[in-house]
Structure formats: structure tokens, C-alpha cells
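# Examination of the molecular architecture
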Amino acid sequence: MRHALLSPLLSLAVSALASCTLASPPSQPASPTPPRNVLDEHSHAEPKRARVVHVDLDLNLDFAAKRIAGYAELRIERPDPEAPLILDVKGLEIELITGSDGGIRPFQLGEEHDNLGGSLTIRLKPDDELVRIHYSTVPTSEALQWLSPEQTAGGKAPFLFSQGQSVLTRSWIPLQDSPGVRVTYTARVQAPDGLVPVMSADSSERLEDGSSMFRMTSPIPPYLIAIACGDLEFEAISERCGVWADPSIVASAAKELEDTESMIANAEKLFGPYRWGRYDLLILPPAFPFGGMENPCMTFATPTILAGDKSLVSLVAHELAHSWSGNLVTNATWSDFWLNEGSTVYFEARIMEEVFGAERAIMENQLSFNGLKRELEGTSERDSILHIDLKGRHPDDGFSGIPYNKGALFLRRLEEVFGRADFDRFLRAWFDGHAFQSVTTAEFVSFLGTELLAPKPELAAQVDVEKWIYGSGLPDTAPVVPSSALAQVDAELKTYSSGKSAAGELNTDGWVTGQWLHFLEGLPAELSMEAMSDLDATFGFTGNGNSEILCVWFRLSVKHGYAAADEKLEAFLARVGRAKFLIPLYTALVKVSPERARELYARMRPRYHAVAHANLDRIVGASESAE
Ligand SMILES: [Zn+2]
């Protein structure tokens, strides 16, 4: 690390951090979340007997040892005074546990399983309202990714980030790691000199001893507690909104994301006030496994959305929409995940429509629809159901385009039938009436029935709710508005496929990213080497800076054995950790040459986050030989 070199940057970052301290806290939940006795089979906890409601963390980030160490002090409610406190843990080293009086409390660690880790059972005394758990994470903690300086944009300092969804928070904080058990939190974080920590908190301040203090005053599901730390600088977009990023990219990131304030204002117009105070974006190093993660007050985003032309900022609309759907009103169990994502994709399109116009929203909706159709071809009936059965499975087994795009289509169908005004009123009432609560699909169906369906039975008859939520596949009534921008591409594709025109004769003037993606997806299934070379020479796909376009182009290159793209493909696989890109690329590689796929993956695997490993290990079939 280069502390001396970083110090001028640090002073900037500190002032930005200070500026993030809120003058007034965000609007508070009207009442604490009522405990719901929903069985979450992906947690060992028994919250109806002893329930965690608040966490105070005191943590030291040790980059050299790749460990976070300190304590978590949990405030608990005890409906059953006889019951022990049961938490979820995975790979944590528990040193000591004390109770309200500071005395030691005995504890027991259950056997750990691959999927869900193990239980930590703490025997309480009758007066215990607090327990303090002194612990340390291990270097292989699945939630945490420790990056070397070379893996960051600036290349100067190491970087740490956490990813809690779905069940990984238990690998860095001992908690009841169920989305139905919401907690508020504070965290005092000690980071190495020169590195700036940030968290998913509604306020933060720098303490005299150099540590940072974070507070989240609204109750959130544990998977939304998030931390990152690195060489970070802040640039404001508006009073309540800004970007944290590596100093080398922060200015360009702020420029690319300058419409964020307008997105927030439009989202508020649609579905009610933004209740979290600040909305900041953190641009992570390329190793981040997702496009974005909606950590409250601080969306974590991949740098691959910075295309230079705002063409990929719908991701910001998506993560912002989660401030209502997902963070404010959360799936109670992972089988209800579609409630989070379906309404977020729906809401995202509405924000895009307000900020960038209807045509762009229509194009992006149609692209998602086409993607869903392709995906459904390879999806089992069981996994194409919105309310997915996850018994005995990992929650991430339900992570596909189904909860996202089929979920959004269901809501679009409701809008189509009941009209926008009534449907908006319904959604607004849903968010307002369930703010800071975790809800089940059954609760949604019941609310939908009383608020939207029952008053207009003749319209209700046109939506088969049961089939949409509990049936497999896609109902025929799925609404799609054809995009004229994509129709233009179809016309050019038709000419090209008929062999009447070479690539250079096609009319591609003014095409935007979505159109290029549609073009690439629509190319003939078989392309000669000459055709690939011609396309590349004409449109410069291999040298394109847009990661979405690169991903589809590399997939075609692998399929057709177009070796001229190999070098760039390998560089892409080494740099980018986003599962959305890695999965199709390794899938294509395995099909053509399993050996090459295994060799590449063995080299690259240490660069990817644990949430990408699970899928890729299965696809490449190389979990033992890797690393
Ligand atoms: Zn999402």
C-alpha cells in the first residue's frame, strides 16, 4: 500500500464522507416491523422465540490477513424467555460471547453445511437483552472479496467489498440471516490509513481516532448490510446523491450517472417519497459479481455500466427502484424473491420511460422479453414458476430471469388490464402499507385481491393470477409492445441474412446499444469465418468498449471459432467478474472446448467472487482442479 501517496486523496475523501452526514435522519418507519412467523428454511434461527432487532458492530479491517475482526453486539427481543438465541454463521471464528451483565455465556456451534453454514446457539440468562459476540472472519469468507491493487481501476491500493445476498451475510456477521428478520445497525470501522470505508448506512462520520462510524436507522434485512473499503473518492451529483469511485474514474462516473437525481425525483412522483435519506452509488472494481446490488443508501455497481454514452444506466434505475421494491418492502423468504425483482424490473422501466422517453423503455422491455423467451427454452417447469419451490436447495438456485422478467410481465399485464392510474394507486398503497416490512407471496395475493381485483371483477377475470404466480412457463397474455427501433434492426437483419448485402452496406446509422445487441442476437446461426471477419472489420466489435456488446460478440466468436477475438476475450475474462457475462461465455467455451474452458477458468477463478464460483464450478466442472 502506498499510504503517503494516498494522503492527498484521503483528505478529499474525508470531506466527502463528512458531507454525507445527514442534517436530519430520513423518515422513520411508522412502527417496528411486526414479527412474522414465516418459516424461512434457509435460516437456522427461531425468531419467534428470540429475535435480533439491532446490531452494533465494532470491526477492524485487516487487509494483510484478509480478516475482519471485532465484535457484534446484538439487541434481542425474547417472546420465549426460556429459549436460547439461535444465529446463522458460516466459517466464523467465535472467540467469546458475553451477556447484558458482561459475563460469559456458553455457546454451541452446529455442524456447517455447504449451502447454509451452521447454527450458533447461545444460552441466555433471564435478564439478557444484549449479547456481544467477539469474532473474526476467515480469509475465505464467502461474502467478502479482498482484491489486490492490480485488480482495481487505479492500481494503487487494495480493495474490499461485501455481497450479502442471498445468504452470505452470515459469513461476515453472526446474525439471524433471514430476510424476514429486519435489523437496524451501527458500525464503527477501523480501516488502514489511506483507505476509505463506506457502508449501506443513512449517516456516517469520521471519529477522532481515525475510525468511521455508520448508522442505519431503518430496519433492513441482513442481506443489505454491506461494506466496501478502498482508494475511494466522492463526487456529488445533487444534494442527496453522488458517486464513490476510484479517483481515476470518479469524474467520468459522475458524468455518466448525472441523471440519477432526475431518476429519484421521477421515482418519487410514481411511488411515493424516497425514505432513505441519501442515495449514493459506489463503483466497484470489475471483479464485482453483479451488475448492481441495491444496498440501501449506497448502490454497489459494476464499472461495466460506464459505457460512456449512458446506454447502460437502466441498471441505476433498477437499483434505485429497489429502494421501494426489495428494500422498503422485502421478500420474507427466498421463494418470494420475485416480489423483489419482478416489481423492480417493472418499476425500472417506468423510471426509464419518465427520464429517457417511452421508445427507450419499450425497446428495453422487448429485449428483456426476447431474453426471457430464450431462457425459458432451457428452464425446467419447476424453475419457471414465480413462487419457486426451493426446498432443500440453495436460494441462488432461484436466481434467473424468471423472477425478474416474468415477474415484471405479470405486473405489466395487471397495468394493461386495470389501466395505469388504478395500477399505480395500487402499487403506491402496497409500498406505503408495507414499508419496512418483509412480506410473502400470499400476503401480496391477498392485498391484490382486496385492493385491485375485487372492486372490478369483470377486469379481474382477465388476469389469471394463480397461473401467473404458481404456474410454469409464460401465459399467452404476456404483454409486449413492439419496439420500432428493434423493427428497424430486424429489417437490416433480414437483408443481411438473405445474403443480399455485406455488413458494410447495412444501414446502422444512429444505432444505440440495445439495437446492436438485438442485431448480434439475431445474426444467422451459422456464420463463416469470412462473415465474422467482415462483421468485425466493419463494426469493430472486438475492440468495442461496451461490455454488453462485447459479451454477445465473444460468445459468437467462441461458437464460430473466430480466433482473432481470443486475446481480447481472455483479457475480458481476467478483468470482469460479473456473473451475467461469465456464465454465457464459459458455457460457450465448454461447448466448443471443455479443456480450454477448464484451463482458462483455473487461471481466472481466484479473481471471481464466491457467488460466481457456485455457477461456474458447475458449468466448467472444475471445482477441484481450480485454484
Ligand atoms: Zn434487482
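Rules used throughout
Residues numbered from 1 in each chain as written. Predicted model: local features only at pLDDT ≥ 70, side-chain atom pairs only at ≥ 80, totals over all residues. Helix = DSSP H or I, 4+ residues; strand = E, 2+ residues; numbered from the N terminus. Rg over C-alpha atoms; globule rule 2.2 N^0.38 Å. Buried ≥ 20, exposed ≤ 12 C-beta atoms within 10 Å, placed from the backbone. Contact = placed C-beta atoms within 7 Å. Axes fitted to C-alpha atoms, helices over the stretch in contact; angles between N-to-C directions. Parallel < 35°, antiparallel > 145°, perpendicular 65-115°, else oblique. Left-handed = near helix turned anticlockwise from the far one by under 90°. Nonpolar A, V, L, I, M, F, W, Y, C, P; charged D, E, K, R; others polar. Pairing = 2+ DSSP bridges. pLDDT = per-residue confidence, 0-100.

Now for the overall build of the chain. A tally of helices and strands in the chain yields 19 helices and 21 strands. Taking 25 Å as the expected radius of gyration for a compact globule of 627 residues, we find that the chain reaches 24 Å, a close match to that expectation. Expressed as lengths along the three principal axes of its C-alpha atoms, the size of the chain is roughly 85 × 65 × 50 Å. Counting the 627 residues in the chain, one finds 47% classified as buried. Within the chain, counting contacts between residues at least 6 apart in sequence, those at least 24 apart form 73% of the total.

A few words on the environment of Asp62. Relative to the helices and strands, Asp62 is located in strand E1 (residues 51–62). Looking at Asp62, the number of C-beta atoms within 10 Å reads 18, which means it is partly exposed. With 128 residues separating them along the chain, Asp62 and Gln190 place their C-alpha atoms 8.9 Å apart. If we ignore the near neighbours within four places in the chain, the residues touching Asp62 are Arg67 and Ala69.

Backbone torsion omega between Gln165 and Ser166 reads 0°, so that peptide bond is classified as cis. For Ser166, the location among the structural elements is in the loop between strand E9 (159–162) and strand E10 (183–190). One non-glycine residue, Lys66, lies in positive phi territory at about 55°. Here Lys66 is to be found in the loop between E1 and strand E2 (67–77). Since 17 C-beta atoms lie within 10 Å of it, Lys66 is described here as partly exposed.

Relative to each other, helix H8 (residues 420–433) and helix H9 (residues 441–453) sit at 140°, their axes nearing to 10 Å. In terms of axis orientation, H8 runs oblique to H9. Crossing angle aside, the handedness with which H8 passes H9 is right-handed. Here H8 contributes Asp422, Phe426, Ala429 and Trp430 to the contact with H9, which in turn contributes Phe447, Glu451 and Leu452. The residue makeup of the contact of H8 with H9, split by class, is five nonpolar, no polar and two charged.

Turning to the sheet that holds strand E14 (residues 227–230), a few remarks are in order. Pairing is antiparallel across the open sheet formed by four strands, whose spatial order is E8-E9-E14-E11. The open sheet has two edge strands, strand E8 (144–147) and strand E11 (196–199), and neither has a second partner. Going across the sheet, the axis of each strand differs from the next one's by a mean of 15°, ignoring polarity. For E8 and E9, the ladder comprises four bridges, and the chain directions are antiparallel.

Bringing the confidence of the model for the chain into the picture now. Low pLDDT means the predicted coordinates in that region are not meant to be read closely. This prediction gives the chain a mean pLDDT of 92; 93% of its residues lie at or above 70. Note that residues 1–35 has pLDDT below 50 and, in this model, 66 contacts with residues that lie over four places away or in other chains. Low pLDDT, under 50, characterises residues 623–627; the predicted model gives this stretch eight contacts beyond four residues in sequence or across chains.

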